[in-house]
Amino acid sequence: MFVLGYQNGAVLHINNPAGSNPSPRVRVRVPVVPLRALYAHRGVTEKKPSNVVRNKPKRKICTADELHYVAVPNSDWRLALWRYLPSPAAPQRNHPLLLLSGIGTNAIGYDLSPEYSFARYMSGQGFDTWILEVRGAGLSAHRVEFGEDSMITSANAKSTGGTTLSRESQSKSQLMETVMQSSQRLSGLLNEGEDPDAPQFFDLQERLSTSLEDFQKQLDLIVKNDWDFDHYLEEDVPAVMEYIRTLSKPKDGKLLAVGHSMGGILLYAMLSHCGFEGKDSGFASVTTLASSLDYRPSNSLLRLLLPLSDPIQALNVPVIPLGTFLAAIHPFASRPPYVLSWLKLLISAPDMMHPELFEKLIFSNFGNIPTKLISQLTAVFQEGGLCDRSGTFFYKDHIGKTNVPVLALAADQDLICPTEAVYETVKLIPEHLVSFKVFGEPRGPHYAHYDLVGSRLAAHQVYPCIIEFLARHDMT
């Protein structure tokens, strides 16, 4: 083991200094973000392709050079891809770089500010850098958010037409139709036995109507958050990999990939699946930051949340509002009397992040987490480690069959994915393929879970280590 001390429409291009254009084979209809306002603070102007489909303005939070949307086949989801164009002054690279974020987070964690931006650093080193926001994260959007007129077709998705509904929409529509028919029959029965002019009749009808509206809202929430880890693994990541390959055109068709936390777990799971099936993973190399398939040997504080998993499912709670929770407790963790100050240590070690950037991370980077996703990921604390939704395929059993070089980084004071957990997966990978490093010194500085991505020392200590690994495996 070597130890070291990511047809009818167009992709939206913004300020492309390299003058590259998307392949004419890609057919995309793009809901346009208000990019003039979005980039005004950076002096970037918007190019206006004549064949771009206009849509309602999105939130002004994207700081990438380009914002792309990719349709997930057989789904109502449109995944957001933040693209950072390689610097023309940097060495020319052979592979695009895909960045995957942790659970319940968006692209902002990789681009907190120009001075502390993982994505900007990588593009500055010449890598065509893409951050994926999986379904439910950041600017990725559901059909109800885009509207029927804003269908997007990815390079690998079969065109189904703007009015064709996905399986999830069909199921939802059928259920609502059944409920509506039942309510109408109930209203008819009530109408036969009651005076339609009686006040109690009107009150009952009003309550029935209100209940149906509440049911519709709850059904929307359930459908919109009805996915698990396997959806990311089998649908989201493959869709964007194909899309990036089509635009970036690496000669060997491979990508470099970096994943933080759950993003790294996704990469491990992909390597395991491909190793088991004897397929090419499509990666030239993989870098994981604070990730593991098996947390059992560690004292991860996430273990304390396990008793809550079953009650949450029993109560049919569709989603956990992580972002709202963190925003609510932030004042108690960052201000006197610091009642919950220990919660900050889950994210960053003392003095490793500037307070304003830590606050931006808390208020802008986290979102909701579906309970189905949480339920599947709790398997990292069970015998055999993480498995697929069927409970029959254990990823750690086949990670040793990979032929892809892996760099696994850990943080010395990570309370979420401790070094023991990281090593539990590292030791299963062939020694000639894996490199492992723990950041942090006995007397400081120390690194916690997020510090590998966006701390004040990451650009000086962590990023160069990753660049060296990426460059070594960027050769075609």
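Residues numbered from 1 in each chain as written. Predicted model: local features only at pLDDT ≥ 70, side-chain atom pairs only at ≥ 80, totals over all residues. Heavy atoms only, no water.

Named according to an unreviewed UniProt entry, the chain is AB hydrolase-1 domain-containing protein originating from Citrus x changshan-huyou.

J.: Tell me about the pairing of strand β10 (residues 406-411), and please be specific about residues and values.
T.: Of all six residues making up β10, six are buried, and the element is well covered by its neighbours. Neither face of β10 is left uncovered, since the one carrying V406, A408 and A410 and the one carrying L407, L409 and A411 both have all their residues buried. Across four bridges, the pairing between strand β7 (residues 283-289) and β10 is parallel. Residue pairing in the sheet places T287 in a bridge with L407 of β10. As paired strands, β10 and strand β11 (residues 434-439) are joined by six bridges and run parallel to one another. (Buried < 20%, exposed > 50% of the residue type's maximum accessible area, 1.4 Å probe, protein only. Helix = DSSP H or I, 4+ residues; strand = E, 2+ residues; numbered from the N terminus. Pairing = 2+ DSSP bridges.)

J.: Got a sec to walk through helix α9 (residues 322-334)? Specific residues and values, please.
T.: In this model α9 runs 18 Å from its N-terminal to its C-terminal C-alpha over 13 residues, within 8% of the 18 Å that 1.5 Å per residue would give. Along α9, the largest kink reaches about 35 degrees and is centred on A328; proline P331 follows within four residues of it. Buried within α9 we find L322, G323, L326, I329, H330 and A333. Summarising the contacts, the buried residues of α9 are in contact with β8 (319-321), α10 (355-364) and β9 (368-370). (Expected span 1.5 Å × (residues − 1). Bend = angle between axes of the 7 residues up to and from the residue. Contact = heavy atoms within 4.5 Å.)

J.: Account for a nonpolar patch on the surface, naming residues and giving values.
T.: Together, L301, L304, W342, L345 and L415 make up a nonpolar patch on the protein surface, roughly 440 Å² of accessible area in all. Inspection of the secondary structure assignment puts W342 in the loop between α9 and α10. (Patch = residues over 30% accessible without salt bridge, like charges linked within 9 Å, V, L, I, M, F, W, Y side chains within 5 Å. Areas by Shrake-Rupley, 256 points an atom, 1.4 Å probe, with all protein chains shown as cover. Salt bridge = Lys/Arg side-chain N within 4 Å of Asp/Glu carboxyl O.)

J.: Please set out the environment of Q376 residue by residue, giving values where relevant.
T.: For Q376, the location among the structural elements is in helix α11 (residues 371-377). Separated by 14 residues in the primary sequence, Q376 and S390 place their C-alpha atoms 9.8 Å from one another. Those residues in contact with Q376, other than ones at most four positions away along the chain, are D228, F229, D230, L386, C387, D388 and R389.

J.: Break down the packing of helix α6 (residues 229-248) against helix α7 (residues 262-277) for me, citing the residues and quoting the values.
T.: At a minimum axis separation of 10 Å, α6 and α7 run at an interaxial angle of 85 degrees. If you check the angle between α6 and α7, you find them roughly perpendicular. On α7, the residues touching F229, Y232, L233, V237 and M241 of α6 are M262, I265, L266, A269, M270 and H273. Counted by class, the contact of α6 with α7 contains ten nonpolar, one polar and no charged residues. (Axes fitted to C-alpha atoms, helices over the stretch in contact; angles between N-to-C directions. Parallel < 35°, antiparallel > 145°, perpendicular 65-115°, else oblique. Nonpolar A, V, L, I, M, F, W, Y, C, P; charged D, E, K, R; others polar.)

J.: Run through the packing of α9 against α10, naming residues and quoting values.
T.: Running from N to C, α9 and α10 point in directions that differ by 145 degrees, and their axes come no closer than 8 Å. Together, L326, A327 and H330 of α9 and F358, E359, I362 and F363 of α10 make up the contact between the two elements. Looking at the contact of α9 with α10 residue by residue, the classes come out as five nonpolar, one polar and one charged.

J.: How would you explain the packing of aromatic side chains if you had to name every residue and give the values?
T.: Applying the stated rule across the entire model yields eleven aromatic pairs. A ring pair is formed by W130 and Y243, whose centres lie 6.3 Å apart and whose planes are at 85 degrees; its orientation type is edge-to-face. Here Y243 lies in helix α6 and W130 lies in strand β5 (residues 129-133), a separation of 113 residues in the sequence. Residues F439 and Y447 carry aromatic rings whose centres are separated by 5.7 Å and whose planes lie at 55 degrees to one another, so their mutual orientation is tilted. You'll find F439 and Y447 in the same group, each marked buried. (Phe/Tyr/Trp six-rings, centres within 6.5 Å; stacked < 30°, edge-to-face > 60°.)

J.: So what's going on with the environment of N106? Residues and values would help.
T.: Note that N106 resides in the loop between β4 (97-100) and α2 (118-124). Judged by its relative accessible area of 8%, N106 falls in the buried class. Separated by 30 residues in sequence, N106 and G136 place their C-alpha atoms 9.1 Å apart. Residues within four places of N106 in sequence aside, it is in contact with S101, E133, G138, S364, N365 and F366. A polar contact of 2.9 Å, which involves the side chain of N106, links it to the backbone nitrogen of I108. (Polar contact = N/O pair within 3.5 Å; in protein donor to acceptor, adjacent residues only side chain to side chain.)

J.: Can you tell me about the environment of V422, naming the residues and giving the values?
T.: With respect to the element layout, V422 can be found in helix α12 (residues 419-426). Exposure remark for V422: the relative accessible area of 0% places this residue in the buried category. Residues in contact with V422, not counting those within four places in the same chain, are A290, S291, S292, A408, L409, A410, C417 and F436.

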